[in-house]
Amino acid sequence: MTHDHPRPFGRLLSAMVTPFTTDGSLDVDGAARLATWLVDEQGHDALVISGTGGESPTTTDAEKETLLRVVVEAVGDRARIVAGVGTNNTAHTVELARAAEKAGAHGLLVVTPYYNKPPQAGLIRHFTTVADAVGLPVMLYDIPHRSGVPIATETLVRLAEHPTIVAVKDAKGDLAGSADVLRRTDLAYYSGEDAAILPLLSIGAVGVVGTSTHFIGPQTKAMIEAYERGDTAGALALHRQLLPLFTGIFRTQGTILVKAGLRALGLPAGPVRSPLVDATEAETNQLLEDAAAAGLHLGTN
């Protein structure tokens, strides 16, 4: 299947964290403010709402819908809003996908069903059932270290034939496998690991769905654009500059440190929900050091 656009969601995306109030409820105004900052100040082409980074395992379906509507209203006229709808239950994922479409999402992120370890035939049926249920473009999320199951190369090639399955968020860490899919399909590849953006660009990827990119959006986009125009030395220099934060954001679970960094900047974030735990003072200080090593000032240390 030939898809219309080589970059269906642009170049720079983050899996936006979900701001909560101090009592742990959804911070609706904060979500609108954070989305606006990411798009207008950090240069995002699109935002993923209710990805793992948005604490989707611990938000309710109603909260997901409210959050999506708020972000679409805030920035949907100038950024693509992609709703994370993946669960390990096909019927529930279809419900979430239909709700996201009604709420104004521009696309869907659908993760491999986790924990129940379906075979590849089950993955094909899951992803195609969800894609068939709505009219939105779909980005598959291939992250075996979280889901327990990789989307095999042959499965990705089969899924690429579906008219609305247009992209992959790739966190598999298998460059040769990804290169093979890119050779055999026109799926748009987005790095799901911040430190892997440049290597993936070299085999044909188009962008990132990032975590540290909450803070280094313009620099990350500049790296992608430098690579695209043939300035590989410039792209490599930016990659090396940003590497301390690309990797430092994952010293503990990424959402924990993104929220710590946002709090340091005075931006909406709030606490994380259990079973996550908020960053310790030592973890926050280490994040500020990692950011400084990448040329970024995140607040007073």
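Keep in mind that this is a model prediction, so the values were computed, not measured.

**So, the overall build of the chain**
- Counting secondary structure elements, the chain contains twelve helices and eight strands.
- Its C-alpha atoms give the chain a radius of gyration of 18 Å, within 12% of the compact-globule value 19 Å for 301 residues.
- Its C-alpha atoms give the chain principal-axis dimensions of about 50 × 45 × 35 Å.
- Counting the 301 residues in the chain, one finds 56% classified as buried.
- Counting contacts in the chain only where the partners sit at least 6 residues apart, residues at least 24 apart contribute 70% of the total.
- Accessible surface, the chain: about 12,100 Å² in total, of which carbon and sulfur atoms supply 52%.
- In the chain, 24 positive and 33 negative side-chain charges are present, and the distance between their average locations comes to 4 Å.

**Some thoughts on the pairing of strand β8 (residues 207–210)**
- The alternating pattern of β8 places G207 and V209 on one face and V208 and G210 on the opposite face, and all of these are buried.
- By the bridge criterion, three bridges tie strand β1 (residues 12–15) to β8 in an arrangement that is parallel. Bridge pairing links L13 to V209 in β8.
- With two bridges joining them, strand β7 (residues 188–191) and β8 adopt parallel strand pairing.

**Some words on the environment of L34**
- Inspection of the secondary structure assignment puts L34 in helix α1 (residues 28–40).
- Placed 37 residues apart in sequence, L34 and V71 show a C-alpha to C-alpha distance of 9.0 Å.
- Ignoring anything within four residues of it in the chain, the contact list for L34 reads M16, V17, P19, L262 and P268.

**A short note on the pattern of salt bridges**
- This model, assessed by the stated rule, comprises 14 salt bridges.
- Across the pair K221 and D45 runs a salt bridge whose closest N-O atoms are separated by 2.9 Å. Here the residue K221 occupies a position in helix α9 (residues 217–228), and D45 occupies one in the loop between α1 and β2 (46–49), the gap between them amounting to 176 residues.
- E65 is paired through a salt bridge with R69; the nearest N and O atoms lie 3.2 Å apart. Pair noted here: E65 and R69 are both in helix α2 (residues 61–75), with a separation of four residues, about one helical turn.
- Taken together, the shared-partner salt bridges in this structure form one network comprising E154, D180, R183 and R184.

**A few points about the nonpolar core**
- Membership of the largest hydrophobic core comes to 86 residues, with the highest contact counts inside it found for M16, L47, L68, L108, F215 and L262.
- Among the elements that line this core, the one with the most residues is α2, at seven residues.
- Look past the residues within four positions of M16 in its chain and what remains in contact with it is A31, L34, A35, L38, L47, V48, I49, G53, G54, V71 and H214.
- Counting 18 residues, the second-largest nonpolar core is a separate cluster that includes A15, A46, A188 and V209.

Rules used throughout
- Residues numbered from 1 in each chain as written.
- Predicted model: local features only at pLDDT ≥ 70, side-chain atom pairs only at ≥ 80, totals over all residues.
- Heavy atoms only, no water.
- Helix = DSSP H or I, 4+ residues; strand = E, 2+ residues; numbered from the N terminus.
- Rg over C-alpha atoms; globule rule 2.2 N^0.38 Å.
- Buried < 20%, exposed > 50% of the residue type's maximum accessible area, 1.4 Å probe, protein only.
- Contact = heavy atoms within 4.5 Å.
- Areas by Shrake-Rupley, 256 points an atom, 1.4 Å probe, with all protein chains shown as cover.
- Lys, Arg positive; Asp, Glu negative; His and termini not counted.
- Charge placed at Lys NZ, Arg CZ, Asp CG, Glu CD.
- Pairing = 2+ DSSP bridges.
- Salt bridge = Lys/Arg side-chain N within 4 Å of Asp/Glu carboxyl O.
- Core = buried A, V, L, I, M, F, W, Y, C linked by side-chain atoms within 4.5 Å.

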